[in-house]
Structures are given as C-alpha cells and as structure tokens.
Amino acid sequence: MTVLPSLLDPGTERDPQPLYRTLRGDFPLVYDEPFGAWLISRYADVRAALADPRLVAPPPGPALAHRRDGAPGGHRALLSPALRGRALAALESGVERTAYVLARRLASRREADLVAEFCQWLPAAAAVAALGLPYEDTARVHAWCRTGLDHLGGHHPGLDAYLRPHVARRRAHPGDDLLSALCAARAGGRPLPDEDVTGLAGAVLGAAGETTARALASFLANLLDHPGQLDLIRTRPELVGAAWAESLRRDPPLQIVPRRALEPIGPIREGATVACLLGAAGRDPARFADPDRYDAFRADPGELAFGAGPHSCLGAPLARLTAEHALRAVLTVLPDVRRAPGPRPPAEGLISRSPRTLPVRLR
C-alpha cells in the first residue's frame, strides 16, 4: 500500500524541500488528507491553477466583497488608477524616507537584527507615510498589518473606525497623499463611498504587511549570503529588480496559496481546497536550471510569489518598490553590512516562511 506524502509529515516545516521534490516527481496532483487539500507542486501546474477562473481565492474582507462578486480583481480596478501621479510619488517618497530613517537608526551600532529592526517595520511604516497617516500611529498600524490585514481588503475590526476620521478630513481638505487620491477616486462617475475608501486603504496596508516583511527578510538574507552578487548590485542598481524576483522564486514568503474549486476539475470536486505550493513550483528543475541556487542574474525567474492571473496580489508593485528602496538605504547608510559570525538562523514556517532573525555586523 502506497503511503501518500503530507505537508504535515514530521520534519516538513523544518525543511519542506525534500517533500516538494517527492511531490513534483511522483505525486504532482495528490489529495493530502491530513492537510485537507489537493496539492499542486509543479511550476506549470501551479501557474495554471493560479490563473484558472474556476479556482478562486478565499473570500476578502466585507468592505470589498461586493466588488469582487463575479468580477475578479475589482479591488485592483479601483486601486490601480489611484496609484498614479502625485499619489504614486507620495507612495514612493514614503517608502524611500522610511527606509532611510530605519537604516540611520542602526548606523551607530556595531550589530543589529535586520528582521526585527528593519524588515518587520519598513513595509507598514512606509504605507503609513504614503497614506498620510500620523507617524505616531505607526506602531498600532504595524500591529494590525502583522495580525489582521490581507491584500483583498480584510482588516482588523478597529481599522475602519480608525480610518474614517482621516477619510473625512481628506474629503474636506485633500492633500498629495495616497488616502486623498483614494477619496478622489470615482466609480461609475461617482465618488467612492467611505466603506470602499477605508477598504482600499486597508488593502494597501495589508499589501504592506507580514508577507512583504517576510519577503524582504529573505531578500536581504540571500544577498548577504552571496556577497559577490551584492557587490555587483552596489555598482549596478538597475539589477535590484531581478535580484528581488530571484529571491521570490527561490524563497517565496508564502509557500502555500489556497484556492477553492467553483466546479469539478478532473478528480477535484466542487468546493474542494487546492493548495498551490509556490515553494515547490519555484524550485522545479523542469522550469529552472540549478533551482536551489540563488542567482540574482537569472534570466527568467518567473513570477508566482504574489499570485497570477485575476487573483494576483495588488501588493506586488508596492513590495518591489519597498525592496528596492530598502536595499538602497541599507547599502548607502550601512555600507559595511555583512552576516554576523556564527550559525545562520534558518528559515522557518510551513505556510509562510522566512528567516525569523538576520544578525549582521555593521562595522
């Protein structure tokens, strides 16, 4: 009797790659009964599943639910036009300013933990600055980003009440920030109602939450592990985007992305959960040469970490912008940064995965 592999097998959370290799080779589509989902692990299959309209993302938060019923990407259709012109400039300025502020706080130190003192704070703090929210509220918003937000508009119960007074002030006195741009956005010729504005602001904050922080931690860890590649990027900053994409391929912050079947698809019944294993797909040797190696100059690292098709994450551009300014700030303000001596803390986590600490020497 064949014993089927499971994501809940002992040792998988410590290192999922052996299981991923088994799944890709022998069980490319298999029902994982202990985990309660169909597992898809090969790159081509995962990419197809993420773009398949018969497989939908989990329901979003209430503020945007009616926008997505029957119209995948409705939240993106509302938010994308707002991320232009002055609002986009405000967003980029907020990310850049925040990255340098956080890096400068470490400049006088001999050692630091880049995860706890930089990566975990930058995405949320940058979004706060871009939205024009009070700086002193960063800690509270940071806590929401880490525990109760997602990129589809779901949010912490207290977020709506927190944002509404700010929305009212922006409607009366608009500025150059992103929240003002959302207040000025129109749908069907009419201004968006307050619940849509707060939902979209929550989506921005969710996009800047834990997933981006984890991706940033893996990105910096990969580059610090490859100082030769990092040195070249110092002199050729135009390579940062490719280095970021390669890190997302090799070490996606979300290893597993769930989908729900709207109708039967082969052996998958209607209503069943499908687990798209991004961590397996990104290291598929049928798609990538030497897939376990980090290569910032890989010609085509693929694009799966933030989804694909109508359910791709609107946080992807913001995450890339955050990564680019983060690395620029670190290399400028902390030019001697390097891995601290001693054992290197491994990545942790089954569904979300990244280094929990990143000890570095700064001088």
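Our structure's up above, just so we're on the same page.
Once that is clear, we can look at the overall build of the protein chain. In terms of helices and strands, the protein chain carries 16 helices and twelve strands. Across the 363 residues in the protein chain, those meeting the buried criterion constitute 53%. Across the protein chain, contacts joining residues at least 24 apart in sequence account for 71% of those joining residues at least 6 apart. For the protein chain, the accessible area works out to roughly 15,900 Å², and carbon and sulfur atoms hold 54% of it.

In this section: empty space enclosed by the protein. By the definition in use, this model includes three cavities of 30 Å³ or more. The space that makes up the second largest cavity amounts to roughly 50 Å³. As for the second largest cavity, its lining consists of Leu-114, Leu-220, Leu-223, Leu-224, Leu-230, Leu-327, Val-330, Leu-331 and Val-337. Where the lining of the second largest cavity is concerned, the elements lending two or more residues are α12 (210–224) and α16 (315–333). Here the residues of the lining of the second largest cavity sort into nine nonpolar, no polar and no charged.

A word on the pattern of salt bridges. Overall, the coordinates contain 22 salt bridges when judged by the stated rule. The partner of Arg-249 in a salt bridge is Glu-246, and the shortest N-O contact between them spans 2.8 Å. Placement of the pair is Arg-249 and Glu-246 together in helix α14 (residues 240–250), with a separation of three residues, close to one helical turn. Of the two residues, Arg-249 and Glu-246, neither departs from the other in class, the shared state being buried. The salt bridge involving Asp-290 is made with Arg-293; its shortest N-O contact spans 2.8 Å. Residue Asp-290 is classed as partly exposed on the basis of its relative accessible area of 45%.

Below, the discussion takes up the sheet that holds strand β3 (residues 55–56). Read across the open sheet, the five strands follow the order β1-β2-β8-β7-β3; overall the sheet is mixed. Every interior strand has two partners, whereas the edge strands, β1 (29–32) and β3, have only one. Along the sheet, helix α2 (residues 43–51) contacts β2 (37–40), β3, β7 (256–261) and β8 (273–277); its crossing angle with β8, the most-contacted strand, is approximately 130 degrees.

Turning next to the side chain of Thr-12. Here Thr-12 is to be found in the segment before α1 (17–26). Thr-12 gets classed as buried once you look at its relative accessible area, which sits at 4%. At 3.0 Å, the side chain of Thr-12 forms a polar contact with the backbone oxygen of Asp-9. When residues no more than four places from it in sequence are discounted, the contact partners of Thr-12 are Ser-6, Leu-7, Leu-19 and Leu-350.

Moving on: the sheet that holds strand β4 (residues 111–113). Strand order in this open sheet of three strands is β4-β12-β9, and the pairing throughout is antiparallel. Lying at the two open borders of the sheet, with one neighbouring strand each, are β4 and β9 (338–339). The pairing of β9 with strand β12 (residues 359–361) spans two bridges and is antiparallel. Bridging from a neighbouring strand, Arg-339 pairs with Val-360 of β12.

On to the packing of α12 against α14, then. Look at α12 against α14: their axes get within 9 Å of each other, and the N-to-C directions meet at 110 degrees. Classed by the angle they form, the pair α12 and α14 counts as roughly perpendicular. For the pair α12 and α14, the contacting residues are Ala-215, Leu-216, Ser-218, Phe-219, Asn-222 and Leu-223 in the first and Val-240, Ala-243, Trp-244, Ser-247, Leu-248 and Arg-250 in the second. Residue composition of the contact of α12 with α14, by class: eight nonpolar, three polar and one charged.

Next up on the list: the nonpolar core. Nonpolar side chains in soluble globular proteins tend to end up buried together. Residues Leu-114, Phe-118, Leu-131, Leu-216, Phe-219, Leu-220 and Leu-327 are the most contacted members of the largest nonpolar core, which totals 70 residues. The dominant element in this core, judged by the number of residues it contributes, is α16, at ten residues. In this view, Leu-327 contacts Phe-219, Leu-220, Leu-223, Leu-230, Ile-233 and Val-240; residues no more than four positions away in its chain are not counted. By size, the runner-up hydrophobic cluster in this structure holds 18 residues, among which are Leu-55, Val-274, Cys-276 and Phe-288.

Conventions we followed
- Residues numbered from 1 in each chain as written.
- Predicted model: local features only at pLDDT ≥ 70, side-chain atom pairs only at ≥ 80, totals over all residues.
- Heavy atoms only, no water.
- Helix = DSSP H or I, 4+ residues; strand = E, 2+ residues; numbered from the N terminus.
- Buried < 20%, exposed > 50% of the residue type's maximum accessible area, 1.4 Å probe, protein only.
- Contact = heavy atoms within 4.5 Å.
- Areas by Shrake-Rupley, 256 points an atom, 1.4 Å probe, with all protein chains shown as cover.
- 1 Å grid on protein atoms, 1.4 Å probe; cavity = no way out; pocket = protein on both sides within 12 Å on 5 of 7 lines; lining within 4 Å.
- Points joined across faces, edges and corners; volume = space filled by probe spheres on them.
- Nonpolar A, V, L, I, M, F, W, Y, C, P; charged D, E, K, R; others polar.
- Salt bridge = Lys/Arg side-chain N within 4 Å of Asp/Glu carboxyl O.
- Pairing = 2+ DSSP bridges.
- Axes fitted to C-alpha atoms, helices over the stretch in contact; angles between N-to-C directions.
- Polar contact = N/O pair within 3.5 Å; in protein donor to acceptor, adjacent residues only side chain to side chain.
- Parallel < 35°, antiparallel > 145°, perpendicular 65-115°, else oblique.
- Core = buried A, V, L, I, M, F, W, Y, C linked by side-chain atoms within 4.5 Å.

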